Amino acid sequence: MTAPAPDRTGPAEGAVRTAVAEAEVPGWAGGVMLALRWATLLVEVSAMVVLGTLAGGVLLGLGPALRASGVVAARMTAEPTPWRTFWRTWRDGFARTAALFAPVWAVAGLLWLDGAALGLLDGSGLVGGPGRAVLTGGLLAVGAWGAVVLACWPVVVARYASGPVATWRLLLLLPLLGPATSLAVLVVAAALLAAVWALPLLAVLVGPGFWLWATGRLAADRLDRIDAQVSGGPAA
C-alpha cells in the first residue's frame, strides 16, 4: 500500500504562511512586487538544486535536491521558509531518494554513449540515409520519453511511499497515461532550450526553478486525476 507524504507544517508555520498570503499589496504595485518575488524564488530554487546536488556529492545529491526543490517550487510564494523546507526535505529519506534516482543516471549514461556512437558512425560514413534517420529518431524518442519521466520524478517520489519497482512502473507509464501532459512537458523543455540559446545567463539562473515549477504543476495535476479514478497510487 502507499501513503501520501505527511504534511510536516506545524500550526505556527501555517499561521505565518497565511499571514504572508494575506499581506499582498493591492494594485499594480502589488503585481510588480509579486512578479519580483516569483523571479527571486525561481532563482532561489535553481540555487537549491545546485547546492543540494553538491552537498550530496553530485551523484547522490541530485535526486534529493530535485525532490526537495520540487516541494518548494510547488508552494512558491505560499512557503515563508523555503530554505528551511528545502534542507529538511533534502535530509528526510535521503537514502531512498538517491536510490530511486540511480536509474536516471544509468539511462542518461546510455543515452550519452548512444549519441556519441551515432556521431562516430555518422562521421565515418558507415551509417547513412534511412539507417541514420531510424537511429536518430529512436534516440530522440527515448530522450523525449525520458524528459517526461524526469519531469514527473520529483512529484511521484515526494507524493508516494512506494518501493522502487512500483515507483518506476508508474513513472514509465505516465507518458502514456497523460499524453496531453507529456506534450505540455515537452513544450516547456523546448521553451527552456530556446531560452538557453537566446539568453544563457538568464536561463541558468531561472531555468531549473521554472522547470521544476512548471512541470511539477503539470505532473501533480495529472496525478490528482489518476488518484481520483483509482484508490491510492502505485502498489507497493
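See the structure shown above.
Every value quoted in this text rests on a predicted model; they were computed, and no experiment measured them. (Residues numbered from 1 in each chain as written. Predicted model: local features only at pLDDT ≥ 70, side-chain atom pairs only at ≥ 80, totals over all residues. Heavy atoms only, no water.)

Below, the discussion takes up unusual backbone geometry. For Val58, which is not a glycine, the phi torsion comes out positive at approximately 70°. Mapped onto the elements of the fold, Val58 is located in the loop between helix H2 (27-55) and helix H3 (62-75). Classification of Val58 by relative accessible area gives partly exposed; the value is 37%. (Helix = DSSP H or I, 4+ residues; strand = E, 2+ residues; numbered from the N terminus. Buried < 20%, exposed > 50% of the residue type's maximum accessible area, 1.4 Å probe, protein only.)

Mapped onto the secondary structure, Ala195 falls in helix H8 (residues 179-198). Among the residues examined, Ala195 registers a relative accessible area of 27% and is labelled partly exposed. Separated by 12 residues in the primary sequence, Ala195 and Gly207 place their C-alpha atoms 8.3 Å from one another. With residues near it in sequence (within four places) discarded, Ala195 still touches Pro200 and Ala203. (Contact = heavy atoms within 4.5 Å.)

This paragraph deals with the nonpolar core. In terms of nonpolar packing, the biggest core is built from 40 residues, with Trp153, Val156, Trp211 and Leu223 touching the most fellow members. Breaking this core down by element, the ones donating at least two residues are H2, H3, helix H4 (82-91), helix H5 (94-124), helix H6 (130-159), helix H7 (164-177), H8 and helix H9 (200-229). With 8 residues, H6 is the largest single contributor of residues to this core. Setting aside its immediate chain neighbours within four residues, Trp153 contacts Gly63, Leu66, Arg67, Thr97, Leu100, Phe101, Trp168 and Leu171. (Core = buried A, V, L, I, M, F, W, Y, C linked by side-chain atoms within 4.5 Å.)

In short, shape yes, function no, at least from these values alone.
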